[in-house]
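Here is how the chains run, residue by residue.
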Amino acid sequence: MRPALPYEEELFTHRTEISGTVFVNDRVCVQTEEDQRVISVHGVVFSHYSVKDRAAETYAMVLLFESGYADQNDIARCFGYSARSLRRYQERLRAGGLSALSRPRGRPSGSPSGHKKTHKRDQTILRLKTKGMSNRWIAGRLGLSETAVRKSLGRLGWKSDPDPEPDLPFLPEADSQARRAAVTVSKLIEIPPSAAEQPPRQRAQFPTDSAAKSLDADPLDRSMDRLLAAMGLLDDALPLFAAMQSLPRAGVLLAIPTLVASGLLSTAEKIYGSLGPAFYGLRTTLVAYVLLALLRIPRPEALKEYPPGELGRIVGLDRMPEVKTLRGKLTRLASLKGSYQLGREMARQGIAERGKVLGFLYIDGHVRAYHGKHTIPKAYVTRMHLAAPASTDYWVNDQRGDPLFVVTADANAGMTRMLMPVLREVRELLGPRRHSTVVFDRGGWSPKLFQDLLAMGFDLLTYRKGRTRHIAEKRCTWHQARLDGRQVRYRLHDQPVRFLKGKLRLRQVTRLTETGHQTPIVTSRWDLRAIVVAHRMFERWRQENFFKYLREEYLIDALVDYQVEPDDPHRSVPNPVRKALEKEIHTARVHLKKLRQSYGATAIDYFHGRSRTTAGLEIKEKKIRAALDKTIERIKKLKVRRASLPARVPLVDARKGQELVKLSTERKHLTNILKMIAYQMESDLVELVRPHYKRVEDEGRTLIQSALQDMADLEPTVDQLRITLAPLSSPHRSRVLVALCDLLNKTNTLFPGTPLRMRYSVAPSHPEAKSGHVSD
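The following paragraphs examine the structure supplied in this document.

What counts and what doesn't
Residues numbered from 1 in each chain as written. Predicted model: local features only at pLDDT ≥ 70, side-chain atom pairs only at ≥ 80, totals over all residues. Heavy atoms only, no water. Helix = DSSP H or I, 4+ residues; strand = E, 2+ residues; numbered from the N terminus. Buried < 20%, exposed > 50% of the residue type's maximum accessible area, 1.4 Å probe, protein only. Polar contact = N/O pair within 3.5 Å; in protein donor to acceptor, adjacent residues only side chain to side chain. Contact = heavy atoms within 4.5 Å. Core = buried A, V, L, I, M, F, W, Y, C linked by side-chain atoms within 4.5 Å. Pairing = 2+ DSSP bridges. Axes fitted to C-alpha atoms, helices over the stretch in contact; angles between N-to-C directions. Disulfide = S-S within 2.5 Å.

### Section: the side chain of Thr510
Among the structural elements, Thr510 can be located in strand E14 (residues 504-512). On the accessibility criterion, Thr510 (2% relative accessible area) is buried. Looking at Thr510, its side chain comes within polar contact range of the side chain of Gln508, at 3.2 Å. Apart from the residues lying within four places of it in its own chain, the contact partners of Thr510 are Ile471, Arg491, Leu492, His493, Gln518, Thr519 and Pro520.

Below, the structure written as structure tokens:
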């Protein structure tokens, strides 16, 4: 054996035993110093007590075993007890609680040892279990591990599927109110009987009555609520507002009425139920994320640039959830797999509210480029003019351009493949009799697909793809109308067209531009005027503007996590070997074209006298012909080889030896839904100010964004939350803000989770000005 080097002796030193330390196993160690003893699990303090406190030591031993950190024999050996004594301590703890562990040795006076009586803790566990509670919920309420609850139920003979009215003679009497307390940590903290009897998905409802109160008296110090959440006694902190002066960004509270009216909170509560015991629960997480998106803080990472205290006071908390916390909440929501159901329910509510603007539905795909290390499917990114790793989301917008719902395409499927699944979802949302016209671009061009769309009860409106017959300019006539409040004028030609050998008859409206360019539009709507057909088709750019707005303002293209999920190994993909051969054929054809050009140039030079001798011409021709023959032969061989290969192969054959993954879609889809709702809320506010602001089409969103970023004073009362906003940059904008406050006050909206009715007003621009406060 070679001698150890000097640096090896320094790096690999022997572990020095600490005096008074005993290792129970590789996870648990016990250290005793003087009269104090500390038990550590994975290096974290598990229990600390005096050696003279026998009750604390026996309780720590029982808790170590019931938590699963060590077995009975190891614990008994380390602490100097027998395994039988440890089991006896378990029985005493179940029978009488902590006080039973400190009683003297020997048989207690009273009932004989053979008499079996029901233990109080077992009674509570069994009663909660019969009311539909989960083991995890019971463990959190009683301060136990799930293993301890499971073992207790096993001893009591509990079955996984009990009868509706089980015959359990040892259940406690219903008239004992003292036994209905779910937690006995302190006399100050008790769960009311009604709360202890409700399952968690029902208790997670967002309370708005005064019965639900916080134990914290200071809105800027929520220590007690955080303690309750850490103990598993709080599912969501109730908002407590403090009186604030000139609170930055408090103008975002203008969006609360539209958030409540959107139905997001109630819908999410039905789908997700609860996030479990937490200070930042489901309601707080959703309210915070949507308001942050409206404040142009659309990613958790951006929270590092803002003071959490100021942001928290906007929503009635001492601090806004920060980066790690908000990420964890989104991950928790994504793990519940409810984003697609949430999007579907929100779309159903949106259809019920926006029925008049659903005559035309615009469908288009938005490609989100990916720059990570994983190999994922490629898609053509139009703004980059190249194919790159990406994922594609298909959005459905109404005729105003507002989003209805979004679907993530499987492996960047094209429009022709995604149109039918999307429209089946639309048909289910609209109902069997509701009529609508689907508008899409050339990516969805397929006459066979058009037949299926018409059979589903949809009309279509799209650009015609491919070469078309040129229409004489004299056949195009001017059309003029006022549509959507704007004057529209086009030069159009209207004619019927047939496809699929005359089986499909559609209408073609061709627009002639000033430059002479002709744009053919195909539709199945024969009842509309030609100018309306053209206008609705060109209004598709509203959706493109929507994509641009969300990309720049809400960072919809940002990566929300680094998770991947397995891809389908049997998914059909283009054959990469065949694709490489096609690239070689293309290169060979380019080379052949250059040789032919060179051959022609040589002949031209000879006939014009630039080449002096015929012998020189023949030598050059012979050399070029040999290269031509060789290239032509190579192209023939490549074509034969290409014909022998299948055009598509399974993914597992195309990427042998590579990881078959795709980007995880759940969390991204959830954030898309929340940002979509934030955009809809912004649109609703724009519509409210439309009658009061003439430049709403050009500056409406800018005005709303300024109002949301405005500072405000907060004044909470017994039943109201008064928000006094600062005036905006100009008097006419401030007047619009006053009108908006008046409209929002008429909604009588309660802030989510509180009984406080929101009242908005605008502070006067100078002392002599009239107050903008709106009376109740």
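### Here we look at the nonpolar core
Side chains of nonpolar character tend, in soluble globular proteins, to be buried together. With 89 residues, the main nonpolar core has Leu254, Leu264, Leu294, Leu342, Ile723, Leu737 and Tyr760 as its most contacted residues. If one sorts the elements of this core by residue count, helix H25 (residues 666-689) sits on top with eleven residues. Among the nonpolar cores identified, the runner-up in size contains 33 residues, and Met420, Val438, Trp445 and Leu460 belong to it.

### Section: the sheet that holds strand E5 (residues 244-247)
In spatial order, the strands read E5-E20-E21-E22; together these four strands make up an open sheet with mixed pairing. In this open sheet, the two strands that pair with only one neighbour each are E5 and strand E22 (757-762). Across the sheet, the axes of successive neighbouring strands diverge by a mean angle of 20°, strand direction being ignored. Together, strand E21 (720-725) and E22 form the strand contacts of helix H27 (residues 731-745), whose direction differs from that of E22 by roughly 165°.

### Observations concerning the state of the cysteines
Inspection of every chain in the model, using the stated rule, returns zero disulfides. Cys29 supplies the cysteine sulfur nearest to Cys78, a cysteine that is in no disulfide, at a spacing of 9.2 Å.

### A word on the environment of Ala388
For Ala388, the position within the fold is in strand E8 (residues 386-397). The buried category is assigned to Ala388, whose relative accessible area is 11%. Ala388 sits 18 residues away from Tyr370 along the chain, and the two C-alpha atoms are 7.6 Å apart. The residues touching Ala388, leaving out its near neighbours within four places in the chain, are Pro377, Lys378, Ala379 and Val381.

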